[in-house]
Every structure is written in structure tokens, then in C-alpha cells.
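Remarks on the overall topology
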Amino acid sequence: MTTNRDRGRRRRAGWAVAVALIGLLAFTAVATARVDPQPALVLMSDTARSRTVVPGEDGLIALRPDGRVFAAVSRATVRQWNAATGRWAGPTLPAGESGPIHSINYSSDGKLLAVAGDGAVTLWDPATGEPAMPPLTGHVGAVRSVAFSSTGGLMASAGDDGTVRLWDSATGDLVRVMTGHTGAVRSVVFSQDGERLAAAGADKDNTVRLWRTSTGRPIGEALTVEPGPVYALSFSPDGKLLATSGGGNVVRLWNAATGEPSGEPLTTSSGPVLALTFNAGRKLLATSSGGDNTVQLWNTTTRQPAAAPLSGHTGPVRAMRFTLGGKLLATGSDDGTVRVWDAGTGSPVGAPLTGHEGAVWSLRFTPSGKRLITAGADEKVRLWRTPELP
């Protein structure tokens, strides 16, 4: 999982801005129209696929683990959409009636949808559109990040009060509170096995902290990211490594079991490193270089570059994801484009995906790898058909 934005600083006005989802068969941008909340299917000419227009804001998207449905935020509500067609795929959740929405996430079984707001997290039944339990309170100020463990029925929340809280997602009971950060906490992520939890500080707290979820005890000392701020952190698929990056051109790898450095840091071509992500299918780590707008693929065993730098973007890359099988990498940039790459060679696959007006902040592949969902500063979410390797 990667984190590289403080969405709270980037919220934009304009709750009525529409979102276009466009098929990849047309590689040129098509104009989008403002529409009512009811989605509309518009047939295009023979040179373009049909499109579905839906609302979405702040780059907030969550993909249900089965890949069939994704959620986005619009007008203080969370709406669910079919990832194959862009049609409505469930009830609308009035999740933001009491304030702004900062983070959304599905549980590992898809039966809960967590929505983080100011001071509380609400767990919803996405099938009925009803709250699954009373709001989970205790945080003081905005809750910036929510995450579910893949096992064990735990949910973590982190916020401006500097705490990380673990909850029993089945009952809503508070399991424990983890402290140590000296400022706000921007993001929180579980290791794949659910045994460890990492959280990134915000503002002047340029640290990442590790805890054991079974006890709540810290793992080692705070991991310092210099120069700050902390832009990204991610566990390796096997949970043995934690990668962190910040304002410099160095990516540090840590032993997730001890909190100690694991080998020499990776030195990218330029900083800041705004995004990084591990490949689940191969021993690769992708890192962005904000100074020259490139992406580097690293072999995590040899700690050497696995291919020549991936170049073509004309702005910093803030979002990256591999397909589940690890064959493709998608990158989203401040230049408004999304690019797809062959993870084995670093070669581009298909033409750049254009249409966003402004930075691309987040993206998700469906588990099948056939669809790519992107969202960004233009408060639009687009659904693409993934190009195939030649």
C-alpha cells in the first residue's frame, strides 16, 4: 500500500463536479459533461467506447476485494459503482453528513465499508446502505486513514490527535491505542499477515512507527525519514520488509520484525520520492523520482535497478500500482496522464491514458487486471480497460 498525499490539504470546492469513466479503446481524451447523480450511458462514435459519467471527489477511491465494485466520494456521500460497467452497484451511503470524509476502505471480506471523518469512523453495510454499528469515537480531530487487516478482524484508524487505534471490526470495540507520534498521523497500513502495523507521521513528525498488532507494543525505535516529510511507506508482500521514502532521493528498507535497517538504502536519481509500491508477483519495488519525473524498478534481492528508468511523464508521479500478477505497473502523474508499463522490461504498454485535468492522485487495478480505476485533482474518476502485453 502506498501513501503520498495529505488529502486534507487538497480538498477542493465544487461538490457538483461530475466524473467521467472512459474505456481504454479510445486513447484520446473525450469531453465530460456535468450530470445529475443518476448515471447516464452515452453512446459515442465508432472511434470511441461508450462511457458512464459518475461523481467523485478528492481522489478518494476504495476497491472491494473481489474487484467487482469500487466506491468514491461525492457530495458528502459514498457511492458504489460496478467496476466493469461504471453503473450503480449498491446503495448510497450518507456518510459525510456530519463533516468531511478523509478516508474510505472496504473490509477484507467486502461486508463492511469504513468511512473516516472528523473525530469518528463509521462502519457501513455496503449491501443495505445502513450503519453496521454506532460510530467509533475516541479520536480528537480528523481521522485521516483507515485500514483493515486481511486476517483477524481488526481495523486501524489514525488521525490528527497523533494516535493509532485498533478496533474489533465485528463488534466495534476498541482493542488498544498506540501512541508515540509527536504530531498528526497521516496514514496507517497492515502487513499482509496482519501481524504488524505501520503508521506515518505528518507535519514535522518525520517518523514511521511499527507495532505488533497482537500486543500493541512498538517494534524498535521510531524510523526516521530525513529529510521529511514522509511521503510513502509499504510492506513487502511477505511482510518481511518495510520501505519508506521522504523529501530526499533515498528509499530506506527496514526489517519489519525488528525495526532495524535492512541493507543499504536505495538511491534514486532525484527526490522527493513521492510514491513507492512492491510487486506481489516478483521481487520488485517501484519508486518515483519527483525531480526528474521518472520511475525506477528495483530488484529487492540484489538492490540493483531491474530496468532503465521509466521515462515519459512530464510531472512528478504520485500514484503507482502493480497488477496482482505483477506483470504490469500503472503510474499516475501531475501531468494528468496515466501510463502502463511492462514490469519485466520497463517498456510502455499502449499509449498514455489522457483525460484527467490535473494531477492523478490514486489508482487501483481490479484483481483480474482487466480494469484500472484512476482519480485525481480534477475530482473525476475514470475507469479504463487495461491494455494487454504484446
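Residue positions within a chain follow its written sequence, with the count starting from 1. Given that this is a predicted model, residues contribute local features only at a pLDDT of at least 70 and side-chain atom pairs are listed and counted only at 80 or more, while totals for whole chains, interfaces and linings are drawn from all residues. Heavy atoms throughout the structure, all of them, feed into the side-chain values; hydrogens and water do not.

1. Describing the sheet that holds strand 27 (residues 317-322)
For two strands to pair, DSSP has to find at least two bridges joining them. Only runs of H or I of at least four residues qualify as helices and only runs of E of at least two qualify as strands under DSSP, and these elements are numbered from the N terminus. As summarised here, the arrangement of the 3 strands in space is 27-28-29, forming an open sheet in which the pairing is antiparallel. Unpaired on one side and paired on the other, strand 27 and strand 29 (338-342) mark the two borders of the sheet. Neighbour-to-neighbour, the strand axes of the sheet open up by a mean angle of 20°, direction not taken into account. Here, axes are lines fitted to C-alpha atoms. For helices the fit covers the stretch in contact, and angles between N-to-C directions go from 0 to 180 degrees.

2. Some points on the confidence of the model for the protein chain
Known as pLDDT, the predictor's confidence for each residue is given on a scale from 0 to 100. Mean pLDDT over the protein chain stands at 86; residues scoring 70 or higher make up 85%. With pLDDT under 50 throughout, residues 1-51 is counted as low confidence; its partners more than four residues away or in other chains account for 143 contacts. Here, two residues are considered to be in contact whenever any of their heavy atoms come within 4.5 Å of each other.

3. Section: the sheet that holds strand 5 (residues 69-74)
Across the sheet, 3 strands lie side by side as 4-5-6; this open sheet has antiparallel pairing. Each edge of the open sheet is held by one strand with a lone partner, namely strand 4 (61-63) and strand 6 (77-82). Strand-to-strand, the axes of this sheet are offset by a mean angle of 25°, without reference to chain direction. Of the pairings in the sheet, the one linking strand 4 to strand 5 comprises 3 bridges and is antiparallel in character. Residue pairing across strands places Leu63 opposite Phe70, the latter belonging to strand 5.

4. Some details on the environment of Gly110
Residue position: Gly110 is located in the loop between strand 7 (103-106) and strand 8 (113-116). For every residue, the accessible area (1.4 Å probe, protein chains only) is compared with the maximum for its type, and the residue is labelled buried under 20%, exposed over 50%, or partly exposed between those bounds. Looking at Gly110, the relative accessible area reads 11%, which means it is buried. The spatial distance from the C-alpha of Gly110 to the C-alpha of Leu63 is 9.1 Å, given a sequence separation of 47 residues. The residues touching Gly110, leaving out its near neighbours within four places in the chain, are Arg64, Pro65 and Pro126.

5. Section: the pattern of salt bridges
Salt bridge, as applied in this entry: a Lys or Arg side-chain nitrogen positioned within 4 Å of an Asp or Glu carboxyl oxygen. Scanning all chains against the criterion turns up 3 salt bridges. Residue Arg144 is joined to Asp160 by a salt bridge in which the shortest nitrogen-to-oxygen separation is 3.0 Å. Placement of the pair is Arg144 in strand 11 (residues 136-148) and Asp160 in the loop between strand 12 (154-159) and strand 13 (164-168), with a sequence separation of 16 residues. For Arg318, the salt bridge identified is with Asp334, shortest N-O distance 2.7 Å. One end of the pair, Arg318, is in strand 27; the other, Asp334, is in the loop between strand 28 (328-333) and strand 29, and 16 residues separate them in sequence.

6. Here's the deal with the packing of aromatic side chains
Working definition: a ring pair exists when centres of Phe, Tyr or Trp rings (six-membered ring for Trp) sit within 6.5 Å. Plane angles under 30 degrees give stacked, over 60 give edge-to-face, the rest tilted. Applying the stated rule across the entire model yields 1 aromatic pair. Aromatic side chains Trp81 and Trp88 sit 6.4 Å apart centroid to centroid with 45° between the ring planes, which places their arrangement in the tilted category. For Trp88, a relative accessible area of 40% translates into the label partly exposed.

7. Considering the environment of Trp211
Mapped onto the secondary structure, Trp211 falls in strand 17 (residues 207-212). For Trp211, a relative accessible area of 3% corresponds to the buried category. Once the C-alpha coordinates of Trp211 and Gly259 are considered, the two residues, 48 residues apart in sequence, prove to be 9.5 Å apart. If we skip the residues at most four places from it in the chain, Trp211 touches Val164, Met178, Thr179, His181, Glu195, Arg196, Leu197, Ala199, Gly216, Arg217, Pro218 and Ile219.

8. Focus: unusual backbone geometry
Note that the residue after Glu226, namely Pro227, is joined by a cis bond; omega there is -10°. By secondary structure assignment, the location of Pro227 is in the loop between strand 18 (223-224) and strand 19 (232-235). A cis amide bond, omega 0°, links Gly228 with the succeeding residue Pro229. Position of Pro229 relative to the elements: it lies in the loop between strand 18 and strand 19.

9. A look at the pairing of strand 14 (residues 174-178)
Summarising the sheet, strand 13 and strand 14 pair through 4 bridges and their orientation is antiparallel. Residue Arg165 lies in a different strand from strand 14, and its bridge partner there is Val177. If you look at the hairpin formed by strand 13 and strand 14, you'll find 5 residues sitting between the two strands, and Gly172 has a positive phi there, around 85°.

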